Amino acid sequence: MKPKRISILGATGSIGTSTLSVLEQTNEFDIFALTAHKRAKELGLLCERYRPRYAVLGSGDAARDLAMTLAAKGIATEVLVGEEGLKRVASHSEVSHVMAAIVGGGGLAPTFAAAESGKTVLLANKEALVMAGSIFMSAIAASGAQLLPVDSEHNAIFQCLGQTAAVGADVSRILLTGSGGPFLQTPLADLAQVTPEDACRHPNWDMGRKISVDSATMMNKGLELIEASWLFNVPSDKIEFLIHPQSIVHSMVEFIDGSVVAQLGQPDMRTPIAHTLAFPDRQASGVERLDFSRLAELSFQSPDYERFPLLTLAREVAEGPLSQSVVLNAANEVAVAAFLNAGLPYLQIAPTIQKVVHQAEPLELLTIDDVLAYDQTARDLTNNLLATYD
Ligand code: NAD
Ligand code: MG
């Protein structure tokens, strides 16, 4: 059997570091490449520890500095630069597995390169699938790549379906659970004042800042609706949102005979990561087992669409052309960055995205280059709108 060899895209992030921690539980994998955008120092430490063949950084200067530092320490890791470097380590002939854990649209080109070159793609980077939907799924089918969902809900659905992505006529609905984030109970009047720190303080999950804000607005669940409909080739109206504040049930599948199959576990991404790394086998993840005698309560409720208007918008977009998904994602990324870094009030995030989505003209997108060009247009539209705010 060919050795398992993995490139971890976004190795310094929350999913990336959890992946490295799960890999320490097994000796099945060679670590081929580790990548980061700006966190050169952290990537350097990872290179010292894991000695990958390649590292990739966003800028040429940072890559040269890292190469010199590593060479001085006698570490043979070769440091590549930017999107070309990412695509190279994602599609390299010696690589069997690619962990796609870059955040946002910056992950699309390298994740697509992995899909096109027939890798086992462990998909955390949901934005890539939201942006490229049909084009991405066609590339997977054409190359014979295997796509395994890392996102905990999708990983749960995959397991509930019996370790397959096929949804047959025997499935009546998919119940996509979400915690409701840090503002589930916050009085609506107080949302005007919430800060990035409040939004990033998730009650159950410890995640990167962008997805933490997405969880607060529940745009994360909206993106996950679109992600699930592509992954499982299922119409979005078969997928229901369900608030489950404890994040123990990670999603459920209901069959036509009334059976509901759920996947449960700690809110710890090492479980779905280990599941995808070992698939179709199982491996230890280092996650603490669930102690049912100490679980006080598992509760469920329908979402409040006034509190979470982006759920409604995402459902509308899920039923429309792919270009609308590109706009939804781009406007969200720009608005969330403005909230995190430029003082955009929390309550302006949703209306900004709504305006841009309703303003953008739908366009037929046939290639990844079409998607990337339209993504830029949508980012420009959003930035222009933000520039009109005072
Ligand atoms: P993070 O911000 O912690 O890490 C992001 C990683 O991507 C870092 O290594 C960073 O250097 C790299 N990166 C950022 N921008 C880049 C760019 N333009 N080009 C190349 N590299 C870039 O993010 P995260 O929380 O680990 O999330 C990663 C992805 O996984 C996201 O798509 C997120 O939606 C998804 N996801 C995360 C969780 C979680 O628990 N964190 C759960 C489910 C899904
Ligand atoms: Mg998720």
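Keep in mind the model is a prediction, meaning the values are calculated, not measured.

## So, unusual backbone geometry
- Cis geometry is found at the peptide bond from Phe279 to Pro280, where omega equals 5°.
- As for its placement among the helices and strands, Pro280 is situated in the loop between helix 11 (270–278) and helix 12 (309–318).
- Located in the positive-phi region is Arg51, a residue other than glycine, with phi close to 50°.
- By the element assignment, Arg51 lies in the loop between helix 2 (40–50) and strand 3 (54–57).
- A positive phi angle, close to 65°, is found at Met218, a residue other than glycine.
- Here Met218 shows up in the loop between helix 9 (209–217) and helix 10 (219–231).
- Residue Met218 is classed as buried on the basis of its relative accessible area of 3%.

## Overview of the environment of Leu148
- The topology assignment puts Leu148 in strand 7 (residues 146–149).
- Not counting the four nearest positions on each side in its chain, Leu148 is found in contact with Thr120, Val121, Leu122, Leu123, Phe158, Thr276 and Phe279.

## Thoughts on the domain arrangement of the chain
- Per the domain assignment, the segments making up the chain are domain 1 (4–149) and domain 2 (156–265 + 292–387).
- Of note, the centres of domain 1 and domain 2, computed from C-alpha atoms alone, are 25 Å apart.
- Taken together, the 20 residues of domain 1 in the interface contact 26 residues of domain 2.
- Counting each side, the surface lost to burial between domain 1 and domain 2 is near 1900 Å², with a carbon and sulfur contribution of 75%.
- Interface area lost by domain 1 to domain 2 is led by Lys126, Val130 and Met131, which between them contribute 35%.
- For the pair domain 1 and domain 2, the number of links is two salt bridges.
- One salt bridge connects Lys210 with Glu127, and the closest N-O pair in it is separated by 2.8 Å.
- One can count five residue pairs in polar contact (both at pLDDT 80 or more) joining domain 1 with domain 2.
- Classifying every residue of the side of domain 1 that touches domain 2 by side-chain character gives 13 nonpolar, five polar and two charged.

## A closer look at the coordination of the magnesium ion (ligand 2)
- Within the protein, the magnesium ion (ligand 2) binds to Asp151 (OD), Glu153 (OE) and Glu224 (OE); these donor distances fall in the range 2.1 to 2.2 Å.
- In the primary structure, the donors to the magnesium ion (ligand 2) are separated according to the pattern D-x1-E-x70-E. Here the residue Asp151 occupies a position in the loop between strand 7 and helix 7 (152–160), and Glu224 occupies one in helix 10, the gap between them amounting to 73 residues.
- Among the residues examined, Asp151 registers a relative accessible area of 8% and is labelled buried.
- Judged by relative accessible area, which is 1%, Glu224 ranks as buried.

## A few points about the site of ligand 1
- What surrounds ligand 1 is a group of 23 residues, the closest being Thr12, Ser14, Ile15, Glu127 and Gly208.
- Backbone polar atom of Ser14 to an oxygen atom of ligand 1: 2.9 Å apart, as the coordinates give it.
- Burial of ligand 1 by the protein amounts to 89% of the accessible area it has alone, namely 840 Å².
- Going through the elements one at a time, helix 1 (14–23) and helix 6 (126–143) are the ones with two or more residues in the shell around ligand 1.
- In terms of residue class, the shell around ligand 1 is made up of eleven nonpolar, eight polar and four charged.
- Counting contributing residues, the shell around ligand 1 receives three or more from each of domain 1 (4–149) and domain 2 (156–265 + 292–387).

## Quick notes on the layout of surface pockets
- Quantified by volume, the second largest pocket comes out at close to 200 Å³.
- Lining the second largest pocket are 13 residues, and of these Leu191, Arg307, Pro309, Tyr346 and Leu347 sit closest to its centre.
- Residue assignment for the lining of the second largest pocket shows that the elements contributing at least two residues are helix 12 and helix 14 (349–359).
- Of the residues assigned to the lining of the second largest pocket, the class counts are ten nonpolar, one polar and two charged.

## Let's talk about the sheet that holds strand 10 (residues 249–255)
- Reading across the sheet, the four strands line up as 9-8-10-11 and stay open at both edges, with mixed pairing between neighbours. The open sheet has two free edges, formed respectively by strand 9 (239–243) and strand 11 (260–264), since each of these has just one partner strand. Strand after strand, the sheet turns through a mean of 20° between neighbouring axes, direction not considered.
- For strand 8 (residues 171–178) and strand 10, the ladder comprises four bridges, and the chain directions are antiparallel. Across the sheet, the residue bridging to Leu175 is Met252, located in strand 10.
- Helix 10 contacts strand 8 and strand 9 of the sheet and is inclined by roughly 145° relative to strand 9.

## Looking at the pairing of strand 6 (residues 120–123)
- Alternating residues of strand 6 divide into Thr120 and Leu122 and Val121 and Leu123, and every residue in both groups is buried.
- Looking at chain direction, strand 5 (residues 97–100) and strand 6 are connected through four bridges and run parallel. Along strand 6, the bridge assignment pairs Met99 with Leu122.
- Where the polypeptide runs from strand 5 across helix 5 (residues 108–116) and back to strand 6, its parallel neighbour, the crossover connection is right-handed.
- The pairing of strand 6 with strand 7 spans four bridges and is parallel. Across the sheet, the residue bridging to Val121 is Leu147, located in strand 7.
- Tracing the backbone out of strand 6, into helix 6 and back to the parallel element strand 7 gives a crossover that is right-handed.

The rules we used
- Residues numbered from 1 in each chain as written.
- Chains lettered and ligands numbered in written order.
- Predicted model: local features only at pLDDT ≥ 70, side-chain atom pairs only at ≥ 80, totals over all residues.
- Heavy atoms only, no water.
- Helix = DSSP H or I, 4+ residues; strand = E, 2+ residues; numbered from the N terminus.
- Buried < 20%, exposed > 50% of the residue type's maximum accessible area, 1.4 Å probe, protein only.
- Contact = heavy atoms within 4.5 Å.
- Domains from an automatic or database assignment.
- Buried area = accessible area lost by both parts, 1.4 Å probe.
- Salt bridge = Lys/Arg side-chain N within 4 Å of Asp/Glu carboxyl O.
- Polar contact = N/O pair within 3.5 Å; in protein donor to acceptor, adjacent residues only side chain to side chain.
- Nonpolar A, V, L, I, M, F, W, Y, C, P; charged D, E, K, R; others polar.
- Donors = N, O, S within 2.8 Å, 3.2 Å for Na, K, Ca; no water.
- Near = heavy atom within 4 Å.
- Areas by Shrake-Rupley, 256 points an atom, 1.4 Å probe, with all protein chains shown as cover.
- 1 Å grid on protein atoms, 1.4 Å probe; cavity = no way out; pocket = protein on both sides within 12 Å on 5 of 7 lines; lining within 4 Å.
- Points joined across faces, edges and corners; volume = space filled by probe spheres on them.
- Pairing = 2+ DSSP bridges.
- Axes fitted to C-alpha atoms, helices over the stretch in contact; angles between N-to-C directions.
- Right-handed = clockwise from strand over helix to strand, strands pointing away.

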